[in-house]
Amino acid sequence: MNQLNLFFRIFIFPGFLFLLVTALFLHWLDRKLIARFQGRVGPPWYQPLADLVRLFAKEDILPVGSNLFFAALLPLISFASVLTASFYLPIAIQSAPSFQGDFIVLLFLLSMPSLMYFLAGWVTRGVYSVIGGNRALLQYFSYEVLFLLAMSGTAIASGSWSLADIRLEQIKESPFIFLQIIGFLLSLAGLIGKLKREPFDIPKAKSEVIAGALTEFSGKKLALWYLTIHLQTMVGLSFLIHCYFSGFWQMNTISGFFIFLLLLIILQGVLSAISAIYARLRIDQLIHLNWHIFIPIALLHNIYILLI
Amino acid sequence: MTIEKTAIKLQEILNLDRSTKKLIPLNEVKITISKQQILLAVQTILKSGIWHLSAITCQQLENEFNLLYHFWKSGGLTLLISLDEKNLRIDSICSLIPGAEYYEREAREMFGIEFLGMPNPLPLLLPDNWQGGYPMRKKEQPSQEKSKENPAQEKGKSA
Amino acid sequence: MNNITVPIGPQHPLLKEPLSFLVSLEGEKVTDSTLRLGYVHRGIEKLAERRTYIQNVYLIERICGICSHIHSTTYCQSVEALLKLKVPKRGLYIRMLLCELERIHSHLLWLGVLSKNIGFNTLFMYAWRDREIVLNIMEEISGGRVSHSVNIIGGVRVDINEKHLSLLQKSLQELTIRVEEILRSIENDRSFRARTRNIGNLSLEDIKRFCVVGPVARASGLDIDIRRDAPYAAYDELDFEVPLMTEGDVWARSILRILETIQAIRLCTQIIHNLPDGPVSVTAPRRVPAGEVVSRAEAPRGEVFYYIRSDDSQKPARLKIRTPTLTTLITLPGQLKNMQLADVSAVIAGVDLCIACGDR
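Residues numbered from 1 in each chain as written. Chains lettered and ligands numbered in written order. Predicted model: local features only at pLDDT ≥ 70, side-chain atom pairs only at ≥ 80, totals over all residues. Heavy atoms only, no water.

J.: I tried to follow the side chain of S218(A) on my own but got confused; where do I start?
T.: All names here are of chain A. By the element assignment, S218 lies in the loop between helix 10 (206-209) and helix 11 (219-245). S218 gets classed as buried once you look at its relative accessible area, which sits at 17%. A polar contact of 2.9 Å, which involves the side chain of S218, links it to the backbone oxygen of E59. Among residues more than four places away in sequence, those in contact with S218 are E59, D60 and I61. (Helix = DSSP H or I, 4+ residues; strand = E, 2+ residues; numbered from the N terminus. Buried < 20%, exposed > 50% of the residue type's maximum accessible area, 1.4 Å probe, protein only. Polar contact = N/O pair within 3.5 Å; in protein donor to acceptor, adjacent residues only side chain to side chain. Contact = heavy atoms within 4.5 Å.)

See below:
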């Protein structure tokens, strides 16, 4: 019975199936909302799934001279790291036991896809891939740091690097969204930079580098990359919700689960709105924004949290 | 200076006969000069404040080629130069008006006019491996073998 | 950092039409660039010599999709000058109406392309949605959304009735509101300015040296406009302003084109209010007497130039076309020096290339 329970939890809920379905749903929501903001109709609900199915049927070719082994390995590593990250995240239902330091492990696992993205640009040799990969690496060095710094505010306030303790602290006092609103906004900016969404999508800007590091990928490999990006969005948002909104619901309850889903949808709506409103920034403007504005504010914010 | 005054000044400086100046439709003054006078004529025009060169037209008549330089400033001024079939060489005006480069390149590849001192004598519109002669000339038929090899049939190279 | 050559074209999401643009990069900075035209060269000038004057009207319309009406206008007015024909006033007004509608269409399309290139997808969608209003009007009047084919030698082949007039009035009012809203929202938008300010600067001296025309020249301070300086059709009877800016960068060109769109809407409103009565065309003889004619008009991208020489026959002896895109193409390598790769898209969109016009 325990085996069946474990199987259910890993593969169905809150495991693979639930994660994939929610990730695709969030992606559809993103596209639909952006379309509505732009005065269009938007795709039907099954569009993300249809895109993935279609990709699986496409031919999988790479340019002469690419390292085929790594080109196949990198999307697998990215997908695996994001799935593992999702296991450590309590999505309103305790999935894996929390331990000291799982905050850092989660951040590390979530940052793997960005590193793999840069490497993917190098192994599939092509002008656009290399340029896209270089830009992605630059953005990786900047916005991962911002994400870590901003999210650390919650860890500092809880006095521990464990996700369960962060949650306990929020239940004891009040959800961090009220105490650390600046930290929340900076984390959101860091997440947009991590996910390479507009306005920080210069590594995959269609009008300049076609598709960035993923230009030469197609077929199953590209499907895995897209799945990774969708999952990364979902896990990133769940991470944010856990660290800032935890006090609002009880674990292991239906109402808690629905509040969690509602928060996911609201945050995805905020991300879509930001994508629709702003124009893409150039890479130097991006870096300037990060190191001259965001990081100093994050540092000051963390010092303030430390002192009180 | 207006077009009319510039035309009169040109006639003075280049010692042109009154018959070389004509008026053609849509407000254009046409002046016939000889090919040795082209640089001096363009300098005079630039000095009188007319800098805009609209186009350089080349055409082939029965036994000569004509080059027309069309200037404009609230009115049009065209310089007509006649070139002998056997001697299609003329000074390039790119040193005075850099914007004439594309027009001269096109006249060169379409008609075979040699512009002396042209900065960039590459074809503008025709493909790199064009073998069909000068397309705009009247008497020539476009040759059957227009390009040596079909670029699309080269072996595929990867990015 | 390493030196890479990025090929922009012939196929590239940035370009609407094929153009080969090799950009040499050092890191993210552009050091050099070379341009290669001719991918859509169809030999229009040679083809025109083998067709009659009437057949050439169909040929000339198809030089370019987005400036097709202005090409056929210039051609028809050249042949009418050779034939010494006087086109009736109503025909001239309808010609002007479609010229201005085409200008609005071209600028709205360009605005969408610029926004898409700099990553501002929302503005792209809004501009193209407003473009649909213009396309509907043009379809009602002429039967075609983009290629109208209304010019014939001697006038126009369509007439405007009451239904068209009421549709025009309603649409033009709606368009005025929308375009002014677009102008207000991007004039001070920080992200738009960040991507377009001080990018692709051209000084007044460069403009004069390279004989640049059109909005690119007017954005650097050169005050030329064929409609005002050498009026064709019936432009001398209408009242309009020619906007002028002096900054000379992509931002100035953008604002200038939107101001021109507003002026074009104003011209359309004047035309439909002052439309004279009468026939719209006169019959033209097929045989054109010997002569030469030089004719110019103001296309959405600048001065378009036609030279026709006729011998006493039904086919032209020489047809020479010079389109405004050729004048702006020559400035591209200079504009891109010391810019970043990310600015290449803004610069290319800022000069509003129409390669089909440039290649003929």
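J.: What is the right way to read the interface of chain C and chain B from this model?
T.: Interface size, as often reported, equals the accessible area lost upon joining of the parts. Listed per partner, the contact involves 40 residues of chain C and 42 residues of chain B. Across the contact surface, chain C and chain B share 5 salt bridges. Between chain C and chain B we count 19 residue pairs in polar contact (both at pLDDT 80 or more) in total. In terms of residues, the side of chain C that touches chain B owes the most to one element, strand 6 (residues 291-299) of chain C, which gives 5 residues. Of the residues belonging to the side of chain C that touches chain B, the class tally is 19 nonpolar, 5 polar and 16 charged. (Salt bridge = Lys/Arg side-chain N within 4 Å of Asp/Glu carboxyl O. Nonpolar A, V, L, I, M, F, W, Y, C, P; charged D, E, K, R; others polar.)

J.: When you look at the pattern of salt bridges in this model, what are you seeing that I'm missing?
T.: Pairing is possible between side chains that carry opposite charge, provided their charged atoms lie close to one another. All names here are of chain A. Scanning all chains against the criterion turns up 39 salt bridges over all chains. A salt bridge links R54 to D51; its shortest N-O distance comes to 3.7 Å. Taken together, the residues span about one helical turn, with R54 and D51 both in helix 3 (residues 47-56) at a distance of 3 residues. Given the relative accessible area of 18%, D51 is considered buried. The shortest N-O distance in the salt bridge between E144 and K194 comes to 3.3 Å.

J.: Could you clarify how one ought to interpret the environment of I8(C) in this entry?
T.: Residue and element names in this part refer to chain C. Tracing the backbone shows I8 in strand 1 (residues 3-8). A relative accessible area of 2% places I8 in the buried class. Sequence separation between I8 and A317 is 309 residues, and the spatial gap between their C-alpha atoms is 38 Å.

J.: In this structure, what is going on with the sheet that holds strand 8 (residues 318-322) of chain C? I would like to understand it.
T.: Strand pairing in a sheet takes place through backbone hydrogen bonds and is either antiparallel or parallel in direction. Residue and element names in this part refer to chain C. Reading across from one edge, 6-7-8 is the order of the 3 strands in this open sheet, with antiparallel pairing throughout. This sheet does not close on itself; its edge strands, each paired only once, are strand 6 and strand 8. Recorded for the sheet is a direction-independent mean angle of 10° between the axes of neighbouring strands. In this structure, strand 6 lies alongside strand 7 (residues 302-310), joined through 9 bridges in antiparallel fashion. Along strand 7, the bridge assignment pairs G291 with S310. Contacts from helix 2 (residues 53-61) reach strand 7 and strand 8 within the one sheet, and its direction differs from that of strand 7 by about 155°. (Pairing = 2+ DSSP bridges. Axes fitted to C-alpha atoms, helices over the stretch in contact; angles between N-to-C directions.)

J.: Just to check I follow, could you spell out the packing of helix 2 (residues 16-37) of chain A against helix 12 (residues 254-277) of chain A for this structure?
T.: The relative placement of two packed helices is expressed as an angle between their axes plus a distance between the axes. All names here are of chain A. Running from amino to carboxyl end, helix 2 crosses helix 12 at an angle of 40°, the nearest separation of the two axes being 9 Å. Taken as axis vectors, helix 2 and helix 12 run oblique relative to one another. In terms of crossing hand, the pair formed by helix 2 and helix 12 is right-handed. Between helix 2 and helix 12, the residues in contact are F18, T22, F25, L26, L29, D30, L33, I34 and F37 and F257, L261, L264, I265, Q268, G269, S272, A273, S275 and A276, respectively. Considering only residue class, the contact of helix 2 with helix 12 consists of 13 nonpolar, 5 polar and 1 charged. (Parallel < 35°, antiparallel > 145°, perpendicular 65-115°, else oblique. Left-handed = near helix turned anticlockwise from the far one by under 90°.)

J.: Explain helix 13 (residues 283-307) of chain A here, please?
T.: Think of an α-helix as turning once every 3.6 residues; residues three or four places apart then point the same way. A rise of 1.5 Å per residue sets the reference length of helix 13 of chain A, with its 25 residues, at 36 Å; its end C-alpha atoms lie 35 Å apart and thus fit the reference within 8%. Of all the bends in helix 13 of chain A, the largest measures some 35° and sits at F294(A), one to four residues before the proline P296(A). What helix 13 of chain A keeps buried is the set I283(A), Q285(A), L286(A), I287(A), N290(A), F294(A), I295(A), A298(A), H301(A), N302(A) and I305(A). At its buried positions, helix 13 of chain A is contacted by helix 6 (127-158) and helix 9 (181-195) of chain A together with helix 7 (190-196) of chain C. (Expected span 1.5 Å × (residues − 1). Bend = angle between axes of the 7 residues up to and from the residue.)

J.: Which parts of the structure should I look at to understand the sheet that holds strand 2 (residues 28-33) of chain B?
T.: All names here are of chain B. The 5 strands lie next to each other as 1-2-5-4-3, forming an open sheet whose pairing is mixed. Only two strands of the sheet have a single partner each, and these edge strands are strand 1 (21-24) and strand 3 (52-60). Neighbouring strand axes in the sheet, compared pairwise and without regard to direction, differ in orientation by 25° on average.

J.: So what exactly am I meant to see when it comes to unusual backbone geometry here?
T.: Most peptide bonds take the trans form, and the phi angle of most residues other than glycine is negative. Residue and element names in this part refer to chain C. Unusually for a residue other than glycine, S149 sits at a positive phi of about 55°. By the element assignment, S149 lies in the loop between helix 5 (121-142) and strand 4 (151-152). Judged by its relative accessible area of 22%, S149 falls in the partly exposed class. A positive phi angle, close to 60°, is found at N198, a residue other than glycine. Here N198 is to be found in the loop between helix 7 and helix 8 (204-210). We classify N198 as exposed; its relative accessible area is 51%.

J.: I'm lost on the packing of aromatic side chains in this one. Help?
T.: Two aromatic rings are characterised by how far apart their centres lie and by the angle between their planes. The full count for this structure, using the stated rule, is 17 aromatic pairs over all chains. Members of the aromatic cluster, joined through ring pairs, are F103(A), F147(A), W161(A) and F239(A). K196(A) extends its terminal NZ or CZ atom over the ring of Y117(A), reaching a point 4.3 Å from the ring centre. Positioned over the ring face of F210(C) is R209(C), at 5.3 Å from the centre of the ring. (Phe/Tyr/Trp six-rings, centres within 6.5 Å; stacked < 30°, edge-to-face > 60°. Lys NZ or Arg CZ within 6 Å of the ring centre and 35° of its normal.)

J.: How should I be thinking about the nonpolar core in this particular structure?
T.: When a protein is soluble and globular, its nonpolar side chains tend to lie buried together. Ranked by internal contacts, the top residues of the largest apolar core, which has 176 residues, are Y69(B) and Y75(C). The biggest single contributor to this core is helix 4 (residues 89-118) of chain C, with 16 residues. Beyond its immediate sequence surroundings of up to four residues, Y75(C) is in contact with Y53(C), N56(C), V57(C), I60(C), I153(C), Y306(C), I308(C) and L319(C). Membership of the second largest hydrophobic core comes to 79 residues, among which are L83(A), F103(A), F184(A) and L237(A). (Core = buried A, V, L, I, M, F, W, Y, C linked by side-chain atoms within 4.5 Å.)

J.: Whenever I open this one, the packing of helix 3 (residues 68-83) of chain C against helix 4 of chain C confuses me. Can you help?
T.: Residues and elements named next belong to chain C. Interaxial distance between helix 3 and helix 4 falls to 9 Å at its minimum, and their mutual angle equals 150°. Here helix 3 lies roughly antiparallel to helix 4, going by the angle between them. The handedness of the crossing between helix 3 and helix 4 is left-handed. Contacts from S68, H69, I70, T73, C76, Q77 and E80 in helix 3 reach R95, L98, C99 and E102 in helix 4. Classifying every residue of the contact of helix 3 with helix 4 by side-chain character gives 4 nonpolar, 4 polar and 3 charged.

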